[in-house]
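# Report on the structure
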Amino acid sequence: MYGAEPIRELIAAAPGAIRVLYVKSGEERRFSAEIERVRASASGSGGGRVEFLDEAALARVAGQAARHQGIAALMREYQYANVDDFLSEKPDPIVLVDGVTDPRNLGALMRSAEGAGAGAIVLARDRTVGITPAAVKASAGAWIHLKIARCGNVARTLEEFKEAGYWIAALAPAGDTSLYNLDTTRKLVIVVGSEDRGVRDIVRKNADFVVGIPMRGKVASLNVSVAAAVALFEVSRQRDAAKSR
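Residues numbered from 1 in each chain as written. Predicted model: local features only at pLDDT ≥ 70, side-chain atom pairs only at ≥ 80, totals over all residues. Heavy atoms only, no water.

So, about the overall build of the chain. When helices and strands are tallied, the chain shows nine helices and ten strands. Each principal axis of the C-alpha distribution contributes one length, and for the chain these read about 60 × 40 × 40 Å. Relative to its 245 residues, the chain shows a buried fraction of 49%. Contacts in the chain between residues at least 24 apart in sequence constitute 79% of all its contacts with a sequence separation of at least 6. (Helix = DSSP H or I, 4+ residues; strand = E, 2+ residues; numbered from the N terminus. Buried < 20%, exposed > 50% of the residue type's maximum accessible area, 1.4 Å probe, protein only. Contact = heavy atoms within 4.5 Å.)

See the structure below:
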């Protein structure tokens, strides 16, 4: 990762996630707080070191086209949660992402999920981007507040959630259930598909509801991260309204 604000957000949320912090020589005072936090987080972890580089070396680390603003970081590999933890802890709702390949879309989706109160995300292992620096950057710090797992067989994972008492709601432009008619009193797994093809047929077959967002204009569908945001905040709104009755 690179750039002053993204690095500051990362250090504020999870300083231990940084393996190496690269700072431009001469900028030690400007980034003194970040340097100290990374060094302090390294206690007993065998990492978290700070290196000072000249402009040319920092540009090579961050990438020649990057606007590094004097700072970059090498992150540790993300440690995913286990789907079995979700089955026992039963967070609600859960978002299952099957086929999103753009890390910026995943980052935006994570930001919306955290903002709407969804504490758990499952990422399909195949055809789906993982927790990368680009996804972390796009999430604006939301990733650190989420429990995120990966799954191999999506259909089997959905069956396991059903057995644990969840109902599966797959988002699709031509869904036969309107989002605004979805029964949100049940524990839900909300499934989103790929940016171009949407949810797969095998997911539709395993879904209890295929949910569409009514469109008022001439465009037939929304970006996957926007659709997920609309759905998650509508679920939150309906549940809040039910509590106030």
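In terms of burial, strand β1 (residues 18-24) is a largely internal element, five of the seven residues being buried. In terms of strand pairing, β1 meets strand β3 (residues 71-75) through five bridges, oriented antiparallel. Across the sheet, I18 pairs through a bridge with M75, a residue of β3. Looking at chain direction, β1 and strand β2 (residues 49-53) are connected through five bridges and run parallel. By the bridge assignment for β2, V20 is matched with R49. (Pairing = 2+ DSSP bridges.)

The biggest cluster of nonpolar side chains holds 52 residues, and the ones touching the most others in it are L21, M110, I121 and W143. Counting residues per element, this core draws most heavily on helix α9 (residues 224-244), which supplies six residues. Setting aside chain neighbours within four positions, we find W143 in contact with L10, A14, A17, M75, Y78, M110, V136 and I148. One finds I168, A170, A172 and V210 within the second-largest nonpolar core, a separate group that totals 24 residues. (Core = buried A, V, L, I, M, F, W, Y, C linked by side-chain atoms within 4.5 Å.)

Once that is clear, we can look at the sheet that holds β2. Consider a sheet: its strands pair through backbone hydrogen bonds, and that pairing is either parallel or antiparallel. Taken together, three strands build an open sheet; the order of strands is β2-β1-β3 and the sheet is mixed. Single-partner strands in this sheet number two, and they are β2 and β3. Looking at each pair of strands side by side, their axes are set apart by 20° on average, direction ignored. In the packing of helix α1 (residues 4-13) onto the sheet, the strands contacted are β1 and β3, and the crossing angle to β3 comes to about 45°. (Axes fitted to C-alpha atoms, helices over the stretch in contact; angles between N-to-C directions.)

Let us now look at the environment of M75. Among the structural elements, M75 can be located in strand β3. Sequence separation between M75 and A135 is 60 residues, and the spatial gap between their C-alpha atoms is 12 Å. When near neighbours in sequence (up to four residues on either side) are disregarded, M75 contacts M1, L10, A17, I18, R19, P133, V136 and W143.

So, on to the pairing of strand β10 (residues 209-212). Because side chains alternate across β10, one face comprises the buried residues F209 and V211, and the other comprises V210 and G212, equally buried. Direction of pairing for strand β7 (residues 167-171) relative to β10: parallel, over a ladder of three bridges. The residue of β10 that forms the bridge with L171 is V211. As defined by bridge partners, strand β8 (residues 177-178) adjoins β10 across two bridges and the pair is classed as parallel. Within the sheet, the bridge partner assigned to S178 lies in β10 and is G212.

Our next topic: the packing of aromatic side chains. All told, the structure shown has four aromatic pairs when counted by the stated rule. Each ring, one from Y78 and one from W143, has its centre 6.0 Å from the other, and the planes form 65°; the classification is edge-to-face. Taken together, the positions of Y78 in the loop between β3 and α4 (83-89) and W143 in the loop between α6 (133-138) and β6 (147-151) put the pair 65 residues apart, joining distant regions of the chain. Among the aromatic residues, those joined into a ring-pair cluster are Y78, Y80 and W143. (Phe/Tyr/Trp six-rings, centres within 6.5 Å; stacked < 30°, edge-to-face > 60°.)

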